[in-house]
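Next come the chains, spelled out residue by residue.
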Amino acid sequence: MLFVETQRRRIRSIVENLSATQTNTDEEIQEAGEDLAGELGRVLETKMLVTNLKKRLENLQ
């Protein structure tokens, strides 16, 4: 749950920073997109690890 909340805060922060500026350069928008893509990658990787761990634990029962 800590990971989920941390990721939500990071994503919210990226979006807020982008939204706070009236005029964003293409570079700033691209950087924000890359940051969001990186966060998405971490979230998906963690989801796969947790799903696999859950299956392994269920198989032990």
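The structure this text deals with has already been given above.
Overview of the structure.

Definitions and limits used
- All residue numbers refer to position in the chain's written sequence, counted from 1.
- In keeping with the model being predicted, local features are shown solely for residues with a pLDDT of at least 70 and side-chain atom pairs are shown and tallied solely at 80 or more, while totals for entire chains, interfaces and linings include all residues.
- Side-chain measures were taken over the full set of non-hydrogen atoms in the model, leaving aside hydrogen atoms and water.
- Numbering of helices and strands runs from the N terminus, with a helix taken as a DSSP run of H or I at least four residues long and a strand as a DSSP run of E at least two residues long.
- Each radius of gyration reported is based on C-alpha atoms, and the globular scaling rule is 2.2 Å times the count of residues to the power 0.38.
- Buried means the residue's accessible area, taken with a 1.4 Å probe over protein chains only, is under 20% of the maximum for its type, while exposed means over 50%, and partly exposed covers the values in between.
- The Shrake-Rupley method, run with a 1.4 Å probe sphere, supplies the accessible areas, and residue values consider only the shown protein chains as cover.
- Under the convention used here, Asp and Glu are negative, Lys and Arg are positive, and both His and the chain ends fall outside the count.
- The atom standing in for a charge is NZ when the residue is Lys, CZ when it is Arg, CG when it is Asp and CD when it is Glu.
- Throughout, a residue-residue contact means that at least one pair of heavy atoms, one from each residue, lies within 4.5 Å.
- In the sections that follow, a salt bridge refers to a side-chain nitrogen of Lys or Arg positioned within 4 Å of a carboxyl oxygen of Asp or Glu.
- Every angle, taken between N-to-C directions, lies between 0 and 180 degrees, and every axis is a line fitted to C-alpha atoms, over only the stretch in contact when it is a helix.
- Under this scheme an angle from 65 to 115 degrees is roughly perpendicular, one under 35 degrees roughly parallel, and one over 145 degrees roughly antiparallel; angles in between are oblique.
- Handedness of a crossing follows from how the near helix is turned relative to the far one, being left-handed for an anticlockwise turn of less than a right angle and right-handed for a clockwise one.
- Three classes are used: nonpolar for Ala, Val, Leu, Ile, Met, Phe, Trp, Tyr, Cys and Pro, charged for Asp, Glu, Lys and Arg, and polar for all others, with Gly counted as polar.
- Residues forming no salt bridge and having over 30% relative accessible area are the ones grouped into patches, like charges within 9 Å of each other and nonpolar side chains (Val, Leu, Ile, Met, Phe, Trp, Tyr) within 5 Å.

**A word on the overall build of the chain**
Now for step 1: For the chain, the count of helices and strands is 2 helices and 0 strands.
Now for step 2: A compact globule built from 61 residues would reach a C-alpha radius of gyration of about 10 Å, whereas the chain, at 16 Å, exceeds it by more than 25%.
Now for step 3: Residue burial in the chain is summarised as follows: out of 61 residues, 7% are buried.
Now for step 4: With the model as given, the accessible surface of the chain reaches about 5,500 Å², and the carbon-plus-sulfur share is 56%.
Now for step 5: Distance between charge centroids for the chain: 15 Å, based on 9 positive and 11 negative side chains.

**Description of the side chain of Gln 7**
Now for step 1: The topology assignment puts Gln 7 in helix H1 (residues 2-20).
Now for step 2: If near-sequence neighbours (up to four positions away) are discounted, Gln 7 is found in contact with Glu 39, Arg 42 and Val 43.

**Comments concerning the pattern of salt bridges**
Now for step 1: Applying the stated criterion to the full structure yields 3 salt bridges.
Now for step 2: The salt bridge involving Glu 5 is made with Arg 8; its shortest N-O contact spans 3.2 Å. Pair noted here: Glu 5 and Arg 8 are both in helix H1, with a separation of 3 residues, about one helical turn.
Now for step 3: In this structure Glu 5 comes out as partly exposed when scored by relative accessible area, which is 33%.
Now for step 4: For the salt bridge of Glu 58 with Lys 54, the shortest nitrogen-to-oxygen distance reads 3.8 Å. Taken as a pair, Glu 58 and Lys 54 lie in helix H2 (residues 26-60) at a separation of 4 residues, close to a single helical turn.

**Remarks on the packing of H1 against H2**
Now for step 1: As a packed pair, H1 and H2 sit with axes 10 Å apart at the nearest point and diverge in direction by 170°. Taken together, H1 and H2 sit at an angle that is classed as roughly antiparallel. The way H1 lies across H2 gives a crossing that is left-handed. Only Glu 28, Ile 29, Ala 32, Asp 35, Leu 36, Glu 39, Arg 42, Val 43 and Thr 46 of H2 make contact with H1, whose side of the interface consists of Phe 3, Gln 7, Arg 10, Ile 11, Ile 14 and Leu 18.
Now for step 2: Looking at the contact of H1 with H2 residue by residue, the class counts come to 8 nonpolar, 2 polar and 5 charged.

**Concerning a negative patch on the surface**
Now for step 1: A surface patch of negative charge is lined by Glu 27, Glu 28, Glu 31, Glu 34 and Asp 35.
Now for step 2: With respect to the helices and strands, the residue Glu 27 is situated in helix H2.

**A closer look at a nonpolar patch on the surface**
Now for step 1: Residues Leu 53, Leu 57 and Leu 60 make up a contiguous nonpolar surface patch of roughly 330 Å² in combined accessible area.
Now for step 2: The class for Leu 53 is partly exposed, based on a relative accessible area of 46%.

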